[in-house]
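Remarks on the overall topology
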Amino acid sequence: MDPRDTRSSYVPLPTTADEAAAAASAASSRRRLNVLVGATSSLLLLLSLLGAALYMSPHNGADHEPTILKSNEQAQPSKLKPAVSRGPSDGVSEKVSAVRGPAGSFPWSNSMLQWQRTGFHFQPEKNWMNDPNGPVYYKGWYHLFYQYNPDAAVWGNITWGHAVSHDMVHWYHLPLAMVPDQWYDINGVWTGSATIGPDGQVYMLYTGSTNASVQVQNLAIPSDLSDPLLLHWTKYEGNPVLTPPSNLLPKDFRDPTTAWFDNSDSTWRIAIGSKDDSHAGIALVYKTKDFISYEQIPGLLHKVAKTGMWECVDFYAVSASLSSANQAIDTTVLATMSNSQDDVRHVLKASMDDDRNDYYAVGRYDAINNKWKPDNAQIDVGIGLRYDWGIFYASKTFFDPVKQRRILWGWIGETDSEKADIRKGWASLMSLPRTVLFDVKTKSNLLQWPVEEVEQLRLNSTTYNNLTIDTASYFRLSASRAAQLDIVAEFEIKNTTLEKAVEADEEYSCTTGGGAAGSGLFGPFGFLVLADKSLSEQTAVYFYISRNSNGSLKTHFCHDETRSSKATDIVKKVVGNVVPVLSGETLTMRILVDHSIVESFAQGGRTCITSRVYPTKAIDDAAGVYLFNNATAGSITAKSITIWEMGSSNNRSYNGNDGQP
C-alpha cells in the first residue's frame, strides 16, 4: 500500500534518512517480489490472483467491487486453482479454509451470495477481515480495531480497520487506523492490544512484520487524546520496542496482551505468545514503566507441551465470589488481587496455531514468581476447554468500565471457498460481543453470553409453553423472517423417561455420534434452523444425553452442519462438546441466527458453538425453524420457547463532518 494513500487516517512520523531508506527499500523489495513471484516457486499464488482478476472489476484505484450478476444468473466455476495457503509462510496461522480446489464447485447465484451477508453481526463494508485488535472504551465510544485487507477479499496487505459504537450493536465505519508503511511493519500491521494508563494515555502495542519478515512489537499512541474517535495514530519513532529473544524463531513472537499493573515494583506487564524448540506453547512476560523500555521477566508465565505456537494470548482476572460474580475485574489492578483469596481466578487463553481454536483454562497467578497454574491440569490451555466448539479464533477481551464487565470478541472466518469470497466481495465477520464471567456454580469454566444490548434488536416474538414432541418427529415453529432470529428455550425430560436407560452410551460424542439424523435413548433433540420445507437443507442445534457406565448422565450440546447446504465447496461438520448440567437444572439453550452464522449457548453459556452455513434453498422466505426429537426413549417437553425476529444494525460509514459520525 502507498503510505500516502488518503484512505489512511495514520499521520506518519518524520523518519531519519536511514529509516526512510529502509522503508523505501522494503516497499520496493515487496513490489519486486510481487512482480517476480510467478517466476519463482509461488506460481499458485499468481494463478489465484489471475483468478481473482477474472471475477473482479476495477473501481476507484486500488479498491475493487465484485462483478454484479443478475439474481438468476449462475456463477461459472473457475478453472484456476486458488492459492494453496495464505499466512503460514508469512508467519501467521492459515487464513484459507480447507476448501481449496476447483472440483465440485457449486454454481452460486448472486442472490445466494448476497443473502449470506449478516444483518446484526459486525463486518466491514467489503473485503477481508480477521483478528479483533485493541478493543477499548474511550470517551463515550466502544472502539473495535481489526485486521483488514483494504484491497481484496483474501488475506494480505494487513492494515488496521476501525469502527466505533455507543452500544456494540450499531457501528460507524471509520478510516483506516494504521497501515504498513514503516520498515518494522511493512509486511503487516498485525494483532495488538490497548491499555489505558492512569493519566488517560492510550498505549497501543502491536506486532509488526518487518521488511525481513521478523515479528517485532511496536508502540502507537493517539495523535490527539481529545478526539473521542481516535481517528489519527502516531507510531513511536523508536519502534520496535521489542524484538524476538535469541532462543525463539523470528516468526514466533507475536500478539502482545493488554498490560496489567503490578504494585510490587510499580511496573506494567504484558504477555506474548510463542513456542519452544520442543513444540510446546509458551507465554513470556515483559515489564515496563513507560511502554518504551522493556525487561523480560525470567521464566515463563506458562508452558504446555505439544500445543505448538500460541497466538493471541489473553490473560485476565475474574471474580470467583458469589457476592460479586457478575462483576468483571479491571486488568489494571490484576496483580493486586491476591491468589491466596478464593474470590479471584485468572484466565489464560491462547489461540492454537496448530488447530486454529481458542483454548482457555482457569487458574491462579503468582505475580512474584511470574507463574500461572491451572486449577485442573487435565484441562490445561490447549488440551481442555475452548471458548467455542465451532469456528471461533484469535479472540480478545477488554474491560468495559461503563457496566463493569469483561467483553469478548472473536474472529469468525469463512468455511466456503476462496473463490466464493472473491465473488461476493467480502470474507469473515466478528462474533457477537459476549460478556465473560466465572461460573461460580461449577467452579471450573467460564460463562459467555451475548451483551444485553443485542436484545434491543428483538422485534416480533412468538412463545410456546409446555410443548411436547413425540419421538421421531418434528414441528414447524412460527417465524416469518427466519434468517434473523433469537431463540431461547428450556427443555425437560421426565425422570421416568431417564430411568428407562440401562445400557451405557459413554462413547458418544458430537463429532462421532451420527449428527442430528442419528438416534439414541435421549437424543438428539432441539432445533432445525435455516431449514427449507422438505428439510433437505437444515442446520441442527441439539442436546444429546448419554449414560456413563457408572450410571451417571452426561449432556452433549452439538451443531450438525452436514445438511446445512446443498453446496459441495464448503466445509460441513458436526461440532460441539459436553455441557455441565447440575442437579435440579433443566436444559436451556439460546440460538442466534443471522443469515450465514449461527451462534448457540447452552446452560447460560457454559458451552458455546458457532457455525458458518451457506444454504442454497433455505434462504429468504424459504427459510424456516423446526423443533425436533429423535430420542427413542420417549417424548421431550419444551417447557418454554420464545422466538424473536431480529432487526438489523444498519451500520454506517463515517461522514467526516465535525469530527463525529
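Analysis parameters
- Residues numbered from 1 in each chain as written.
- Predicted model: local features only at pLDDT ≥ 70, side-chain atom pairs only at ≥ 80, totals over all residues.
- Heavy atoms only, no water.
- UniProt positions renumbered as here; feature names shortened; annotations may be inferred.
- Helix = DSSP H or I, 4+ residues; strand = E, 2+ residues; numbered from the N terminus.
- Buried < 20%, exposed > 50% of the residue type's maximum accessible area, 1.4 Å probe, protein only.
- Contact = heavy atoms within 4.5 Å.
- Areas by Shrake-Rupley, 256 points an atom, 1.4 Å probe, with all protein chains shown as cover.
- 1 Å grid on protein atoms, 1.4 Å probe; cavity = no way out; pocket = protein on both sides within 12 Å on 5 of 7 lines; lining within 4 Å.
- Points joined across faces, edges and corners; volume = space filled by probe spheres on them.
- Polar contact = N/O pair within 3.5 Å; in protein donor to acceptor, adjacent residues only side chain to side chain.
- Disulfide = S-S within 2.5 Å.
- Core = buried A, V, L, I, M, F, W, Y, C linked by side-chain atoms within 4.5 Å.
- Pairing = 2+ DSSP bridges.
- Axes fitted to C-alpha atoms, helices over the stretch in contact; angles between N-to-C directions.
- Salt bridge = Lys/Arg side-chain N within 4 Å of Asp/Glu carboxyl O.
- Phe/Tyr/Trp six-rings, centres within 6.5 Å; stacked < 30°, edge-to-face > 60°.
- Lys NZ or Arg CZ within 6 Å of the ring centre and 35° of its normal.
- pLDDT = per-residue confidence, 0-100.

The protein carries the name Acid beta-fructofuranosidase in an unreviewed UniProt entry, which gives Rhynchospora pubera as its organism. Listed under Sequence similarities (unreviewed entry) in UniProt, the entry text for the protein is "Belongs to the glycosyl hydrolase 32 family." What the UniProt record of the protein gives under Subcellular location (unreviewed entry) is the line "Vacuole".

We now examine the overall build of the protein. Looking only at helices and strands, the protein has five helices and 38 strands in total. Across the 661 residues in the protein, those meeting the buried criterion constitute 60%. Within the protein, residue pairs in contact and separated by at least 24 positions form 66% of the contacts whose partners lie at least 6 positions apart. Working note: accessible area of the protein is about 25200 Å², and carbon and sulfur atoms make up 52% of it.

This part covers the layout of surface pockets. The volume enclosed by the second largest pocket comes to roughly 630 Å³. Residue lining of the second largest pocket: 39 residues in total, with R356, I391, E414, T415 and K573 positioned closest to the centre. Of all the secondary-structure elements, those providing two or more residues to the lining of the second largest pocket are α4 (418–424), β32 (574–578) and β35 (607–612). When residues in the lining of the second largest pocket are grouped by element, the largest group, three residues, is from β35.

Moving on to the side chain of D388. Relative to the helices and strands, D388 resides in the loop between β19 (371–374) and β20 (393–400). Residue D388 is classed as buried on the basis of its relative accessible area of 1%. Within the structure, D388 has its side chain in polar contact with the side chain of T610 (distance 2.7 Å). Contacts of D388, omitting those with residues within four sequence positions, involve R434, C608, I609 and T610.

Attention now goes to the state of the cysteines. A complete count under the given rule lists one disulfide for this structure. Paired through a disulfide, C510 and C558 show a sulfur-sulfur distance of 2.1 Å. Classification of the bridge connecting C510 and C558 rests on its S-S torsion, roughly -70°, and on that basis the disulfide is left-handed. Taken as a pair, C510 in the loop between α5 (495–498) and β29 (522–531) and C558 in strand β31 (residues 553–560) lie far apart in primary sequence, 48 residues in all. The pair formed by C510 and C558 is uniform in burial state, with each residue classed as buried.

Core analysis: the largest hydrophobic core is formed by 51 residues, its most contacted members being F491, F527 and I641. If near-sequence neighbours (up to four positions away) are discounted, F491 is found in contact with F525, G526, F527, F543, T586, L587, M589, L627, I636, T637, A638 and K639. W171, V179, I407 and C608 belong to the second largest nonpolar core, which has 25 residues in total.

What follows is about the sheet that holds β19. Judged by pairing direction, the sheet is antiparallel, and its four strands sit side by side in the order β16-β17-β18-β19 without closing on themselves. The sheet is open, and its two edges are formed by β16 (310–319) and β19, each paired on a single side. Across the sheet, the mean angle separating the axes of adjacent strands is 40° when strand polarity is ignored. Bridging between strand β17 (residues 344–352) and strand β18 (residues 357–366) involves seven bridges; their strand directions are antiparallel. Counterpart to K349 in the pairing with β18 is Y360.

Within the structure shown, the criterion is met by 29 salt bridges. The salt bridge involving D375 is made with R345; its shortest N-O contact spans 3.0 Å. A residue pair is termed long-range when its members are at least 10 positions apart, and D375 in the loop between β19 and β20 and R345 in strand β17 qualify at 30 residues. Residue classification places D375 among the partly exposed residues on the basis of a relative accessible area of 40%. The class for R345 is buried, based on a relative accessible area of 12%. A salt bridge links D560 to R563, with the nearest nitrogen and oxygen atoms 2.9 Å apart.

Moving on, we come to the environment of I591. Here I591 lies in strand β33 (residues 587–594). Under the relative-accessibility criterion, I591 is labelled buried at 0%. Ignoring any residue separated from it by four or fewer positions in sequence, one finds I591 in contact with L485, D486, I487, F527, V541, V598, E599 and S600.

The next subject is the packing of aromatic side chains. This structure, assessed with the given rule, holds 33 aromatic pairs. Site record: aromatic cluster; members linked through ring pairs are F122, Y146, Y148, W171 and W409. The ring of W426 carries the charged tip of R117 above its face, separated from the ring centre by 5.6 Å.

This part is about the environment of Y137. Within the secondary structure, Y137 sits in strand β3 (residues 127–138). The class for Y137 is partly exposed, based on a relative accessible area of 21%. Between the alpha carbons of Y137 and V164 there is a distance of 9.3 Å; along the sequence they are 27 residues apart.

Glancing now at the side chain of T607. Tracing the sequence through the fold places T607 in strand β35. By relative accessible area, which is 3% here, T607 ends up buried. Separated by 3.1 Å, the side chain of T607 and the backbone oxygen of V578 make a polar contact. Beyond its immediate stretch of four places on either side in the chain, T607 contacts W389, F557, N577, V578, V579, P580, S600, F601 and A602.

With that settled, the discussion passes to the sheet that holds strand β6 (residues 171–178). Here we have six strands laid out as an open sheet, ordered β22-β3-β4-β5-β6-β38, and mixed in their pairing. Sheet topology places β22 (426–427) and β38 (652–653) at the edges, where each strand pairs with a single neighbour. Where β3 and β22 come together, two bridges link them in parallel fashion. Bridge pairing in β22 places W128 opposite A427.

With that out of the way, let us pick up the environment of R269. If you trace the backbone, R269 turns up in strand β12 (residues 267–275). For the pair R269 and Y294, spaced 25 residues apart in sequence, the C-alpha to C-alpha distance is 9.1 Å. Ignoring any residue separated from it by four or fewer positions in sequence, one finds R269 in contact with T258, A259, W260, D262, S264, V285, Y286, K287, I297, Y365 and A367. A distance of 3.3 Å separates a polar atom in the side chain of R269 from a polar atom in the side chain of D262.

It is worth spelling out unusual backbone geometry at this point. Comment: phi is negative for the bulk of residues other than glycine, and the bulk of peptide bonds are trans. Put simply, N239 and P240 share a cis peptide bond, and its omega is 0°. Along the chain, P240 falls in the loop between β10 (233–235) and β11 (260–262). Here the residue pair G523 and P524 is connected by a cis peptide bond, since its omega of 5° sits within 30 degrees of zero. Structurally, P524 can be placed in strand β29. In this model, N157 sits at a positive phi of 50°, which is unusual for a non-glycine residue.

With that settled, the discussion passes to the confidence of the model for the protein. Should the pLDDT be low somewhere, the predicted coordinates at that spot are not to be read in detail. When pLDDT is averaged along the protein, the result is 86, and 82% of the positions lie at 70 or above. Within the model, the stretch residues 1–83 combines pLDDT values under 50 with 132 contacts to residues more than four positions away or in other chains.

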